[in-house]
Each structure stands twice: as C-alpha cells, then as structure tokens.
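Residue-level structure breakdown
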Amino acid sequence: MTDLTRLSAADLATRLAAGEVSSVEVTQAHLDRIAAVDGDVHAFLHVSADALETAAAVDTDRAAGAPLGELAGVPIAIKDVLCTLDMPSTSGSRILEGWVPPYDATVVARLRAARLVPLGKTNMDEFAMGSSTEHSAFGPTRNPWALDRIPGGSGGGSAAAVSAFEAPIALGSDTGGSIRQPAAVTGSVGVKPTYGGVSRYGAIALASSLDQVGPVSRSVLDAALVHDVIGGHDPRDATSIPDAWPSMAAAARAGQSGEALAGVRVGVVKELDGDGEGFQAGVRQRFTETLDLMAAAGAEIVEVSAPNFEYAIAAYYLILPAEASSNLAKFDSVRFGLRREVAGGTVEDVMAATREAGFGPEVKRRIILGTYALSAGYYDAYYGSAQKVRTLIQRDFASCFEQADVLVSPSAPTTAFRFGEKLADPLAMYLNDVTTIPANLAGVPGMGLPMGLAPEDGLPVGLQIMAPAREDARLYTVGAAVEQLLEANWGGPLWTQAPALG
Ligand code: GLN
C-alpha cells in the first residue's frame, strides 16, 4: 500500500478528489508518523486534538458533492508564530506559554475556509529570532537528515515536519530568512512572498516592515498551491497589496513544461555567489552545477553586482531589533500570557519580573539593542543610517533587475551545523542570513529549493531565486523548471535520498 506520508500535497489532493483515499486516512497517517518520530525530531509544540474531526467533516462534505478547494482534506502544519483560535500560540516563548488567542490569523482562517486540516503548531526560535531553533523556550528541533544538527531557524519546526514526513505542507514566516534557510538545510522548498502579498494579520510580529508569512513544502507546486490559498488582499492588514494576483499553481505548472527557462535572464549576484568567506565548498559546487543545468536548458546566465548587500546584515540587525523592541513592549504581564507577582511590588516591578522570567537571552539581547538604536542620542547614527542602507539595497535590486529576470544565490552559506556550534557567538549565528536578508529589506519575493547534497557531508544545499516585487509567479515558474531539471538528474525528488529516521 502507498505510504500516504510520502506523497506530495498535489498527489494527495488528486487522490482525495478521485475518492481513492479519505481525508481521515491521510490525516491519521500523518498523526501516526508524528507519534512515531516526533519524539526524536520535536517539530511540534502542539498537536491538534481536532484534526481527525476536521478531516471527517471534509469527507462528509465531499461525499455530499459540496464544492471543495483543491487542497481540501490535506493536512498542514502551522508555525507557532500564527494565532490559532483552537490551539495555543506561543511564538516559541515562555511569556506566551499556554496562551490561546481569541482569533485566527487571516492565513489560518483561509486554510480553514479552503478546508485544509491543521495538524498542529510547529517549533521555532523565540519570537522568530534565530537560525537554528536553539532559541526556542521549549527545546530545539532536530534536523531529520542528521539528528545531531540544527533544522535551521527560526522556522525549523515547519521545515523539519515537512522533511520528516510528519506533514506534506506547512506555514512559516520569514523576516530575514526563516522560511528559506530552514528549507535549505532540510532539503525543502520555502517561499517568502512579496511584502504585502500575504496577510500579516494574526502573525505575532517580529519586525513589521520585514515579516512575511509563506509556504513550506517538498515541491515547488505544493508551495504554489498553499500560496494561492493564503495570499491576496486582506483589509485587516494595512500593508496588504490590494491588487489581484495570478495563480501561483498555474505558474508552477507552466514551469514544468520543459521550455520555461529558454531565454530567461538569470542574474548571479556577485556578492552572494558562494565564492566568498563563510561559504562551504560543497554549497558553491552545487550552485555552479545548477547554473550549468539552467544554461543548458536555455537560460542566459549573467553576472550582476549589488555592492550594498555587504551592509545588509548590519542594517538588518539595527532595523529588526528596533522594530522588535517596540513590538514586544506589549508583553507587559497585563494583557497577555505570563505574569510574575512581586509581593509589595509596583506595577513596574511586576512588569520587570515578568519580562525577566518570560523572555530568553536572545530576545533580551535584541530588545536592548533595539531600544539603544532608537534612543534620542543615537537614533540618526544607528537607526537612521540603517534605513539609508535599506534604500541603497533597494536600488541595488532595481539595477540588478534591469539586467536579469530573476536573481540567484545559494539559500544559505553552509549545510546544517551542529547544535551548540554557533550558540555562544551571536554574530556567527547572524552571518547565516547573509543571502536571505537582502530580499526582506527590499520587500522582494524569494524562494528556496533543494539543489542537491554537499559532497563533504551529504547534507542538503538550497538554491535561492529572487524576483522583482509582485512577480512571485515568476519564482514558481523558474523554480518548477529548475526542480524538474534537478530531479531528472537525481532520478527523483531529493527527499527520496533522506536517511530513515530512528
Ligand atoms: N535568522 C534571522 C534572525 O534571527 C531570521 C529571522 C526570521 O526570518 N524570522 O533574525
């Protein structure tokens, strides 16, 4: 019998629509898989108690001939940064432990309206600050490819759930790479949409000018199918783009035609081409091979330069803490979650004790950095300069996109590192985001997809593709085309080479 956990969401959708399997069977298979492996992987912070009931209702409606969306009945995992009415939403923090929101994030409401089946909430670095899930207050997630390694972060839980076959698809959020970098190190696909393309309403904010919610999956088409469900205008998010969007799934399917790369100008960003310091040799090697494959399929490879990308990390680690320190001020012991009483203490004492107990060290570090950067005497020198750099980075993108239709780079400089390797050195951790941060600063969309295994350690390596703002569909077409070329070379999807767990 087919193992239902090894199928893509698109395959599951086809079988569900044809009546070959029920949503209850598909959901049960994934719950069984979670029960079997999540003790080792720890992708989930919470598993839904209602999943089977939700699945049964979809089966009943299908049997009655009700019109259902393409992904109806397909299970999905949800990053714990997203508010869910029926499940706790902690954003990986003690300060929100056990908090059940009074509303659903728009993206979650859209999943429910399209009748997907939420499986549970996935682990993450606290308030999405990190690249390894080691900053989760509830213990790290392990990489299914090598349990002694990190699954990336902050959305390591969603990426690990998908790559360990605990869920076919998942939602993540990406402020500086938290969808694309975990996808890279777990051999998954992940997309950060154009800023404003997917609603942020009900996504617990890290840095509001950078955050975007997006899909995580094992194939480009699956990511596109999820994007179509969650994307589009939301009047509840003031930064949501009001325009209509093309179908991302249609764009991905167009990419599978085999001709899609002919004449596409693929810009290799010189500053991120994998040659520089900090890039692993195997990452560079797979990147070069992938460029050769694309060229053989008719793509025109051009070198482009983005000189200000060099300052992206420095600017990001001022803008992000500034916005985060303001967003996190609402965790004051009064309105949400944790409250530490102080006998005979003032309101300030209670707030201080609560924040001291509720926030982990990385969150405190960034709050201190952010309040400092925003303080009266330093605002222009730090925050103001960082905003100017942001503008320069946006201009670099504009000039690169005059010469190329898409830009490419590795999604992360190295494969999955070992636990503890970068924990003691925040800067080493931050440098992981070198390839992903520019897209957030400019608001352009970026996709990460697997481009093979590094020869030196046999671990997954990711390719990043970026497109101009609002051209997300182009990512799916090019991404699906590259995926098809690579899979033809490998003799199947990369995940078929994953080692068995346990
Ligand atoms: N690793 C980055 C950071 O720690 C990215 C975070 C994110 O995208 N949420 O800020």
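Now for a quick tour of the structure.

Next up on the list: a nonpolar patch on the surface. Judged by side-chain polarity, Tyr372, Tyr378 and Tyr382 come together as a nonpolar surface patch covering roughly 280 Å² of accessible area. By secondary structure assignment, the location of Tyr378 is in the loop between helix H12 (361-374) and helix H13 (380-403).

What follows deals with the sheet that holds strand E5 (residues 189-192). Taken in spatial order, the 11 strands of this open sheet run E1-E3-E2-E4-E6-E5-E10-E11-E9-E7-E8, and their pairing is mixed. Only two strands of the sheet have a single neighbouring strand rather than two, namely strand E1 (44-47) and strand E8 (300-304). Each strand of the sheet is rotated relative to its neighbour by a mean of 30 degrees, with strand direction disregarded.

Tracing the backbone shows Asp59 in helix H3 (residues 51-63). Although buried, Asp59 forms no salt bridge, and the nearest oppositely charged side chain, Arg62, lies 5.1 Å from it. At a separation of 3.0 Å, a polar atom in the side chain of Asp59 contacts the main-chain amide nitrogen of Val24. Not counting the four nearest positions on each side in its chain, Asp59 is found in contact with Ser22, Ser23 and Val24.

This paragraph deals with unusual backbone geometry. Working note: non-glycine residues mostly have negative phi, and peptide bonds are mostly trans. Of note, the bond from Gly153 into Ser154 is cis; its omega dihedral lies within 30 degrees of zero at 0 degrees. Relative to the helices and strands, Ser154 is located in the loop between strand E3 (117-122) and helix H5 (156-163). The residue Ser91 is not glycine, and still its phi comes out positive at about 55 degrees. With respect to the helices and strands, Ser91 occurs in the loop between strand E2 (75-79) and helix H4 (106-113). Residue classification places Ser91 among the buried residues on the basis of a relative accessible area of 1%. In this model, Arg115 sits at a positive phi of 70 degrees, which is unusual for a non-glycine residue. Residue position: Arg115 is located in the loop between H4 and E3. A relative accessible area of 23% means that Arg115 is categorised as partly exposed.

The rules we used
- Residues numbered from 1 in each chain as written.
- Predicted model: local features only at pLDDT ≥ 70, side-chain atom pairs only at ≥ 80, totals over all residues.
- Heavy atoms only, no water.
- Patch = residues over 30% accessible without salt bridge, like charges linked within 9 Å, V, L, I, M, F, W, Y side chains within 5 Å.
- Areas by Shrake-Rupley, 256 points an atom, 1.4 Å probe, with all protein chains shown as cover.
- Salt bridge = Lys/Arg side-chain N within 4 Å of Asp/Glu carboxyl O.
- Helix = DSSP H or I, 4+ residues; strand = E, 2+ residues; numbered from the N terminus.
- Pairing = 2+ DSSP bridges.
- Axes fitted to C-alpha atoms, helices over the stretch in contact; angles between N-to-C directions.
- Buried < 20%, exposed > 50% of the residue type's maximum accessible area, 1.4 Å probe, protein only.
- Lys, Arg positive; Asp, Glu negative; His and termini not counted.
- Polar contact = N/O pair within 3.5 Å; in protein donor to acceptor, adjacent residues only side chain to side chain.
- Contact = heavy atoms within 4.5 Å.

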